[in-house]
Amino acid sequence: MAEKTGDILSMANQLQDKMVVYRHHLHGIPELDLSLPRTTAYVKESLESIGLKPTPMGESGLMVTIGGQRPGKVILIRGDMDGLPIKEETGLPFASTNGNMHACGHDLHTSMLLGAAEILKANEEQLRGTVKLMFQPGEETLHGAKMMIENGILENPKVDAAMMLHVITGIPFPSGLFVTFEAGGASSASSDWFEIIIRGRGAHGAMPNVAVDPLNVAAHLHLALQGIISREISPTESAVITVGVMEGGSTNNVIPDTARLKGSVRTFDAALRDKIETRIHEISKGIAETFLAKAEVIYNRSCPEVKGDGELNRQMRTTIANTFGDDSFIDISQLIPGGKLMGSEDFAFVTQEVPSTSLYITAGNAKEGYSYPLHHPKAMFSDDVLNKGAAAYAAFAKDWLENN
Ligand SMILES: [Zn+2]
Ligand SMILES: [Zn+2]
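Residues numbered from 1 in each chain as written. Chains lettered and ligands numbered in written order. Predicted model: local features only at pLDDT ≥ 70, side-chain atom pairs only at ≥ 80, totals over all residues. Heavy atoms only, no water.

## Re unusual backbone geometry
The linkage connecting Asn156 with the following residue, Pro157, adopts the cis geometry, with an omega of -5°. Relative to the assigned elements, Pro157 resides in the loop between helix H5 (144-150) and strand S5 (161-168). Notably, Leu292 is not glycine yet its phi reads approximately 70°, a positive angle. Its location among the elements puts Leu292 in the loop between helix H7 (270-290) and strand S13 (294-303). Even without being a glycine, His375 presents a positive backbone phi close to 75°. Within the secondary structure layout, His375 lies in the loop between strand S16 (356-362) and helix H11 (386-403). (Helix = DSSP H or I, 4+ residues; strand = E, 2+ residues; numbered from the N terminus.)

Right, here's the structure in full:
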């Protein structure tokens, strides 16, 4: 196995210059959400130029399968393609000038997955089963994976397991290191949004007795919501409730009719997520009634937690060690105490349906001149990791099919 995956790495090395070209082109044309006409057209052309026939999947999504000559299972590998509405300030010669930016490195993921496609195509006859490549729009808005699942990405042929890869930058580790997950379980948080509209009764500021003051309710409610975190969940579990907007009223001496709280909820556990949603409803209603007001809660579930499969995570570490060596990876807990990412990742929707694994690659630290984190207007990523990412995608897919 080590010898075969070695072939994959040397092929990825040969494709390095080509992937740099892909990446610099994509970096210059970042597009948003589910509307990636130029990006998707470029990826489609690139796939066709290596003899593949991608299938459009929903808005701006692409699916392509490789293998299937030998019977076996189906592994999905995902690369996201969308950018962010950030004005780029890197000063790079290939920087975007269209007002959007690939500040999360999705241009690297797309280029790596194109590289992996070429490697897998060259090894097609040896694949014991099928690799399904998922080129996904709308990760940042958490719309894309769900949309592609609704359009059938996990069916025909039915997907048995899935993998995603993400670059990270501006962190205290040298570039080119893989970050893997030791145990199964949630690796990044669910993300939900809520809005609470408090309806009271406005009046002259000098006559609170004839009013029902919604701002008073908002203040009590804000404090009460934090009681869910501090008093109602186990100290060994973690969750966040953040109120990011509290608004109401327009001047000093008027009690307004309404007030509004807007916030977000993050958890790593489906049952805890349900509980927090229920308690936000109950506490809002209770506090409002206590002060003779009414509360309406709008709760929007946007993205579940990313679930990692313990066995797939173990296989990932084996593949990475065989392909790149024993010192090529660290555990997520070495990067983040507790080993969990509070940010959300919409690959979560895939992980809820099939056993899945995630892999991160460090793509720059401050010493190397990469000081800024993901989503920063000055965030930069090293091109030197493109071959590693492509090899990791291809080697894992091939190994997994071989072993399952
Ligand atoms: Zn991002
Ligand atoms: Zn991202």
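## What about the coordination of the zinc ion (ligand 2)?
Each protein donor to the zinc ion (ligand 2) is listed here as Cys104 (SG), His106 (NE2) and His166 (NE2); together their distances run 2.1 to 2.4 Å. Between the zinc ion (ligand 2) and the zinc ion (ligand 1) the interatomic distance comes to 3.2 Å, and Cys104 is a ligand of both metals. One end of the pair, His106, is in helix H4 (residues 106-122); the other, His166, is in strand S5, and 60 residues separate them in sequence. Judged on exposure class, the residue His106 and its partner His166 are both buried. (Donors = N, O, S within 2.8 Å, 3.2 Å for Na, K, Ca; no water. Buried < 20%, exposed > 50% of the residue type's maximum accessible area, 1.4 Å probe, protein only.)

## Concerning the coordination of the zinc ion (ligand 1)
Within the protein, the atoms that donate to the zinc ion (ligand 1) are Cys104 (SG), Glu140 (OE), Glu140 (OE) and His375 (NE2), at distances of 2.0 to 2.6 Å. Each of the 4 donor atoms bound to the zinc ion (ligand 1) contributes to angles spanning 55 to 149°, and the resulting shape is irregular. Taken in chain order, the donor set of the zinc ion (ligand 1) reads C-x35-E-x234-H. For Cys104, a relative accessible area of 7% corresponds to the buried category. Using a relative accessible area of 38% as the deciding quantity, one classes His375 as partly exposed. (Tetrahedral: all angles 85-135°; square planar, octahedral: opposite > 155°, others 65-115°.)

## A closer look at the pairing of strand S2 (residues 62-67)
Relative to S2, strand S1 (residues 55-56) runs antiparallel, the two being bridged by 2 bridges. Each bridged residue has a counterpart across the sheet, and for Thr55 the counterpart in S2 is Met63. Between S1 and S2, which pair antiparallel in sequence order, lie 5 residues; one of them, Gly58, sits at a positive phi of approximately 70°. Of the strand pairs in this sheet, S2 and strand S4 (residues 128-136) are connected by 6 bridges, and their pairing is antiparallel. Within S4, the position partnered with Leu62 by the bridge is Phe135. (Pairing = 2+ DSSP bridges.)

## Looking at the pattern of salt bridges
Working definition: two side chains of opposite charge can pair if their charged atoms are close together. The tally for this structure, following the rule as stated, stands at 19 salt bridges. Close ionic contact of Asp383 with Arg23 constitutes a salt bridge, the shortest N to O distance being 2.8 Å. Separated by 360 residues along the polypeptide, Asp383 in the loop between S16 and H11 and Arg23 in helix H2 (residues 16-27) bring together distant segments of the chain. By relative accessible area, which is 17% here, Asp383 ends up buried. Its relative accessible area of 1% is what places Arg23 among the buried residues. Note that Arg301 and Glu277 form a salt bridge whose closest N and O atoms lie 2.9 Å from each other. With Arg301 in strand S13 and Glu277 in helix H7, the pair connects residues that are 24 residues apart, well separated along the chain. Beyond isolated ion pairs, a larger network of salt bridges with shared partners links Arg78, Asp80, Glu345 and Asp346. (Salt bridge = Lys/Arg side-chain N within 4 Å of Asp/Glu carboxyl O.)

## Focus: the sheet that holds strand S8 (residues 191-199)
Taking strand neighbours across the sheet as the criterion, the 4 strands line up as S10-S12-S8-S13 in an open arrangement whose pairing is antiparallel. A strand with exactly one partner marks an edge of an open sheet, and here the two such strands are strand S10 (239-247) and S13. In this sheet, adjacent strand axes meet at a mean angle of 20° when their direction is disregarded. Of the strand pairs in this sheet, S8 and S13 are connected by 9 bridges, and their pairing is antiparallel. (Axes fitted to C-alpha atoms, helices over the stretch in contact; angles between N-to-C directions.)

## A closer look at the domain arrangement of the protein
Considered domain by domain, the protein is made up of domain 1 (2-189 + 305-403) and domain 2 (191-303). Averaged C-alpha coordinates put domain 1 and domain 2 at centres separated by 39 Å. The interface is formed by 15 residues belonging to domain 1 together with 8 residues belonging to domain 2. Carbon and sulfur atoms supply 67% of the area that domain 1 and domain 2 bury against each other, a total of about 930 Å² over both sides. Considering only the side of domain 1, the residues that lose the most area to domain 2 are Ala189, Glu305 and Met342, jointly responsible for 51% of the buried surface there. Counting across the domain 1 and domain 2 interface gives 0 salt bridges. Counting residues per element, the ones that place at least two in the side of domain 1 that touches domain 2 are strand S7 (185-188) and helix H10 (348-351). With 3 residues, S7 is the largest single contributor of residues to the side of domain 1 that touches domain 2. For the side of domain 1 that touches domain 2, the residue count by class is 7 nonpolar, 4 polar and 4 charged. (Domains from an automatic or database assignment. Contact = heavy atoms within 4.5 Å. Buried area = accessible area lost by both parts, 1.4 Å probe. Nonpolar A, V, L, I, M, F, W, Y, C, P; charged D, E, K, R; others polar.)

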